[in-house]
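Here are the chains, one letter per residue:
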Amino acid sequence: MKTPLSWLKDFVDLEGIDLEQLAHTLTVAGLEVEEIHYIGLPMPAGLQQTKVSGLSWDPDKLVVAEIREVGPHPNADRLVLCRLFDGQQEHTVLTGAPNLFEYRGQGELKPPLKVAYAKEGAEIYDGHQEGMHKTVLKRTKIRGVDSYSMVCSEKELGISEEHEGILFLPADTKAGTPLADVLGDAVLTIAITPNIARDANIYGVAREIAALTGRALKPMPTEVQATGPKIDGAVKLDIKDSELNPRFVLGLIRNVEIKPSPAWVQQRLRLAGMRPINNIVDATNYAMLELGEPLHAFDYDVLVQRAGGKPPTIITRPAKPGETLTTLDDVERKLDDFTVLVCDTAGSLSIGGIMGGLESEVTEATRNVLLEGASWNFINVRKTLVAQRMSSEAAYRFSRGVHPAMAPRGVSRGLELMRQWAGGVVDAGLVDEYPRPAAVVEVEISPADAQRWLGVALTNEQMTSILASLGFEVASKGDGLSVTVPDHRLDIETGVVGKADLMEEIARIYGYDNIPATRIGDPLPPQHGNPELELEERVKDALARMGIQEVMTYRLTTPEEEARRLPPGTAPDDKPYVKLANVISQERTVLRKSLLASVLEIAERNARLRQRIALFEIGPVFHASEETLPDELSRLVVVLGGQQQPAGWQAADSAAYDFYAAKGVLAELLAGLGLHDLKYEPGTHPSFHPGKCARVLAGERQLAVFGELHPQVQGQYDLGAHTLQAITLNLEVLSELAPERFDSRPVPQYPPVIEDLALVVDESLPAGQVEAMIAQTGGNLLAGVSLFDVFRGDKIGAGKKSLAYQLTYQHPERTLTDDEVAKLRERIVRRVTQELGAKLRA
Amino acid sequence: MENLQTIREQALAALNAVQDEASLEQWKVAQLGRNAALTQAMKSLGQLSAEERPLAGKQANEVKLALEAAFEEKRAALEGARLRASLSSEKLDVTLPGRPLPLGRLHPITQTLRRINAIFAQMGFQVYRSRDVETDEYNFLLLNFPPNHPAREMQDSFYVEGGDPENPTLLRTHTSAGQIHAMREYAAKDPGNPPPIRIVLPGMCYRFEQVSSRSEVQFTQVEGLAVGENITFGDLKGTLTDFAQRFFNANVRTRFRASHFPFTEPSAEMDVECFVCSGAGCSVCKHSGWLEILGSGMVHPNVLRNGGYDPDTYSGFAFGMGPERLTMLRYRIEDIRYFWRNDMRFLEQF
Ligand SMILES: [Zn+2]
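Small disclaimer: the values here were computed from a predicted structure and weren't measured. (Residues numbered from 1 in each chain as written. Chains lettered and ligands numbered in written order. Predicted model: local features only at pLDDT ≥ 70, side-chain atom pairs only at ≥ 80, totals over all residues. Heavy atoms only, no water.)

What follows is about the sheet that holds strand E7 (residues 113–118) of chain A. All names here are of chain A. Strand order in the open sheet formed by 5 strands is E6-E5-E4-E7-E12, and the pairing between neighbours is antiparallel. Single-partner strands in this sheet number two, and they are strand E6 (90–95) and strand E12 (150–151). Looking at chain direction, strand E4 (residues 62–72) and E7 are connected through 6 bridges and run antiparallel. Bridging across to E7, valine 64 finds its partner in alanine 116. (Pairing = 2+ DSSP bridges. Helix = DSSP H or I, 4+ residues; strand = E, 2+ residues; numbered from the N terminus.)

Right, let's get into helix H10 (residues 323–331) of chain B. Residues and elements named next belong to chain B. Inspection of H10 places Pro323, Glu324, Leu326, Thr327, Met328 and Leu329 among the buried residues, and these make up the whole buried set. Those residues of H10 hidden inside the fold are in contact with helix H5 (108–122), strand E5 (218–228), helix H8 (233–247), strand E8 (290–299), strand E9 (315–321) and helix H11 (338–341). Arginine 332 lies just past H10 and shows a positive phi near 55°. (Buried < 20%, exposed > 50% of the residue type's maximum accessible area, 1.4 Å probe, protein only. Contact = heavy atoms within 4.5 Å.)

Now for the domain arrangement of chain A. All names here are of chain A. Split by domain assignment, chain A resolves into domain 1 (2–55 + 187–213), domain 2 (58–183), domain 3 (236–433), domain 4 (442–510), domain 5 (531–737) and domain 6 (753–840). On a C-alpha basis, the centres of domain 1 and domain 3 stand 29 Å from each other. Contacts between the two partners involve 14 residues from domain 1 and, on the opposite side, 14 residues from domain 3. At the boundary of domain 1 with domain 3, total buried surface from both sides reaches about 1200 Å², with 61% on carbon and sulfur atoms. Summed over the shared surface of domain 1 and domain 3, the number is 1 salt bridge. At the surface where domain 1 touches domain 3, the tally comes to 8 residue pairs in polar contact (both at pLDDT 80 or more). Elements represented by at least two residues in the side of domain 1 that touches domain 3 include exactly strand E1 (2–4), helix H1 (5–8) and helix H5 (202–213). Residues of the side of domain 1 that touches domain 3, tallied by class, amount to 10 nonpolar, 2 polar and 2 charged. (Domains from an automatic or database assignment. Buried area = accessible area lost by both parts, 1.4 Å probe. Salt bridge = Lys/Arg side-chain N within 4 Å of Asp/Glu carboxyl O. Polar contact = N/O pair within 3.5 Å; in protein donor to acceptor, adjacent residues only side chain to side chain. Nonpolar A, V, L, I, M, F, W, Y, C, P; charged D, E, K, R; others polar.)

Here we take up the nonpolar core. All names here are of chain A. Core analysis: the largest hydrophobic core is formed by 116 residues, its most contacted members being Ile445 and Val639. Dropping the residues within four chain positions of it, valine 639 is found in contact with Leu596, Val599, Leu600, Ala603, Ile613, Ala614, Leu615, Leu724, Gln725 and Ala726. With 93 residues, the next largest nonpolar core counts Leu188, Phe248, Val304 and Leu370 among its residues. (Core = buried A, V, L, I, M, F, W, Y, C linked by side-chain atoms within 4.5 Å.)

Moving on, we come to the confidence of the model for chain B. Of all residues in chain B, 99% attain a pLDDT of 70 or more, and the chain-wide mean is 92. As a predicted assembly, this complex carries a pTM of 0.88 together with an ipTM value of 0.89. (pLDDT = per-residue confidence, 0-100.)

On to the interface of chain A and chain B. Residue-level contacts link 99 residues of chain A with 106 residues of chain B. Between chain A and chain B, the buried area comes to about 8500 Å², and carbon and sulfur atoms account for 55% of it. Where chain A touches chain B, the interface holds 7 salt bridges. Two residues, Arg114(B) and Asp541(A), come together in a salt bridge whose shortest N-O distance is 2.9 Å. Joining chain A to chain B, the criterion identifies 48 residue pairs in polar contact (both at pLDDT 80 or more). Here the residues of the side of chain A that touches chain B sort into 48 nonpolar, 26 polar and 25 charged.

For a metal with four tetrahedral donors the ideal donor-metal-donor angle is 109.5 degrees, whereas six octahedral donors ideally subtend 90 or 180 degrees. All names here are of chain B. Within the protein, the zinc ion binds to Cys274 (SG), Cys277 (SG), Cys282 (SG) and Cys285 (SG); these donor distances fall in the range 2.2 to 2.3 Å. Its 4 donor atoms give the zinc ion angles of 103 to 114° at the centre, a pattern that matches the tetrahedral case. When the donor residues of the zinc ion are listed from N- to C-terminus, their spacing reads C-x2-C-x4-C-x2-C. (Donors = N, O, S within 2.8 Å, 3.2 Å for Na, K, Ca; no water. Tetrahedral: all angles 85-135°; square planar, octahedral: opposite > 155°, others 65-115°.)

As assigned here, chain B comprises domain 1 (2–88) and domain 2 (110–347). The C-alpha centroid of domain 2 of chain B is placed 90 Å from the C-alpha centroid of domain 1 of chain B.

What the rule picks out here adds up to 30 aromatic pairs over all chains. With centroids separated by 6.3 Å and ring planes inclined at 55°, the aromatic side chains of Phe339(B) and Trp340(B) adopt a geometry described as tilted. The class for Trp340(B) is buried, based on a relative accessible area of 1%. Among the aromatic residues, those joined into a cluster by ring pairs are Phe120(B), Phe125(B), Phe243(B), Phe247(B), Phe248(B), Phe275(B), Phe317(B) and Phe319(B). Residue placement shows Arg452(A) over the ring face of Trp453(A); its charged tip is 4.5 Å from the ring centre. (Phe/Tyr/Trp six-rings, centres within 6.5 Å; stacked < 30°, edge-to-face > 60°. Lys NZ or Arg CZ within 6 Å of the ring centre and 35° of its normal.)

This is the structure we're talking about:
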């Protein structure tokens, strides 16, 4: 909300208060000042806690001056020369302002014209350029006449965008006075959060300032000079649904003269962000901005006419099925059954609290004005705004809640402003229907509450003083206080919620800064870990240690994007997507089902940037479920491709990631988590090469699938030269299987015997089977079996392969004899020879 | 015996002329080998009389020891010279780059989340995680956002197709949705006397917003919640100030501003003194000297009640912060979209 400083001063004395400090005080108390826009007042130098904009007027260079005579320019019809006195001396000033032409050639002006005068070097806005651009006034020659100063338009001063003519100042301003002393102002832009809707008006902000600075708040301006006949009988009221329309107030002013509002009124409205229209409409807007009660003005004579010459009856009711109304913005609106209309006996006039209809609006011809101020159910106003896609200043306020008590105050203020600006006579009294009076809210609080909520010892007197400054009525009750909520706010509830509401008010005004920071004294809750998270962190650390980079990706994607992880024509799985009902981008329409697709997208993004791709992510995938909420399943994906070692300038290890490199990563990861006795067997998964895919089983449970990406999948990503390996692992299974602890083994005290054993077997025999049999046969004395070479070639014949193992024999309590080792070896060789058809390689 | 003296002088003279290790080996064969003059002389000792023999033997031995010592000295000298020569010739260009090793890194957001979690863990806050897809009830209603309430405007949601129209399914807009789950879970342990709570709730959240350098459709958040019979706004200030001083630096000042969140009352935004300029004003803090860090407040009585904690007995505070914002401030990252784009040129910097 835009809040002009000059307007605030109508209600609270700001003399001696630094503007920056005021903005800070408001901000800390919950009325965040987003910006201070300076109009001439001095801007602070250096550190500014609040964003500032606008212009300061140099007190020496921008002053009030008087134009004593306007004469013709010798060489230009569209320019005039002014003889001007700046308080010290006379100058000749050249201008093209059209609103000075009428004074040309009149000789000495009596009285002189008071204007804003800018001297050489003054900073002003450039009046001739589109938009607002600052410039410094320089000495120049225009059409042969020396020019070093100027008389200013509103735009040049930064007051408005008006540049049609120069600005005239009141006749009683004194030449030589710094302009900032006469016209200087500033506009605070305040963010109004829902809980301070009551402050979406000048008086509300002034009330907060008064409470925060300890200054007096002037009374709310609700006096109206009503000298006309009693309003009774001029209009009737009929509220059909008091739930939606708890109060409706009407006032009447007769014989107004429609014309522009006084200049200072137009100025204030502009600064507050509203466009001046005419004195009647401006009065409704001014009163709304000032007190927060939106008003609506009807042409009374139109209503009388619609009522067949009789006093009109105003009816408020929900819209009927199929009913329409053409609103002020010239849109014909189809109304919902919850839209509340203001009608007369001839039909609808406006949408209650939101926007008027065209027919009964105030026009140039209006003579008598019926002024409405009402109270509307704010939730219903919100629903209507959403349904009708509308907004207005009135609706902004009504949709956040305006107390019904504000209705007569607003109408009285509006009538008085109309009387002052448009003449006319106000009918005595108001027509006021209030079928559903707002509850009077009372809350009891005590110093114990302040101690419990805020941790501060406050006395009843301190709390009373704070609450009273905000308009609460406070009486003492027992050990504490009984607090009555003032009838301009709707945000305070009863009971324990009310206590919290009041604690917030007390804390805000007492000052958050003044509440001491303490450490929690309450008992520490029972401590327990988060095993799933801890396992994830161990997995992340292990993979990072293996040189693999963690990524975090979008969990929103599209089915088309995810389809790239499967070869074309793959039958869809039976798991439905979790689809968004409202889509903001066509690239984000569903929650992902595949983490592999997410990581492959990142591999693609980096494929042309890096010779080595090693990425992993841990995160959820989402499957729609029969239940209300989808399944969120935790997965790990690792993607590897390109060189295993980054390239340097030296001849480097240029081995590429292959199936076995991926298997190594997975095996090391699982071993590091204490998982042993896992079974690796050929796997099938549509994303992988059918011959280069394995699955990892723990008993009957599938823990992971890994392998080389299917060539057709590979082809659907732009991966450059990289052939990718990928691992997908189910973290839920992992967290069930990973042991909390394991038993360590003692370090042997006796030397091991290490021997090589090379076996020639059929190509089709899986190496895992050979190793398993060696290990089983070797028993406890065989401490290690490790394959160190696989050889194929003529020497051993076609269809055969040689597997070379290093065997480590070890007895825990003594040194093994050669004889013992030889017997063990013989037993192993005999068994693999007999059962697997292996031959000892010579 | 003059013969021995001559052998010695000639041998030492020959050694003096030796310049390299090969010649030294030749000298050793010539002077100390089987056919050397000294060896021959020692062999001929037997021909001497018994009286002459001990003295001559002793002298011959002295000559042998002297030659051996001279040889050893020469050998060490030559070896030293060779080492000096090779050391002075073997010179590396130490400015050539080192051999690159693959360093795996954690995503910067993981790193920030770990820092946050670790600091709060030391204050007794444990990690509680809950789901990404929520109901309106848990994301809004139970957190004191009534239907059509103005506060809902601040959080535009992604809704999920299907679901109950009365209680739509949506992607959580804040990890605060986990507050109710956590409170109810704790309260269920002893409904008559629910235990105190101190948790942080990290997780991914979603908002229906256009993506820009300042806003994303998904973002991480860390919510915090402390509930007990004696928890005050002063404790909120103290705990969060302790956090800021651990996360940023020990001397950083904090500032609390009144604010509004439907699920807390009183509510506060915490700012920290800009750690780039120490409050003097710079482009990072937009010349205000302060950085907005997190939102917080005392848990609203309705939220406590919805979680199974009687607000007449229990109080608590909650807070929420954005790890992306904290990371962006800490490393002066200009564009929030970097985080989920995962360009290696970005990730490799952390
Ligand atoms: Zn700074």
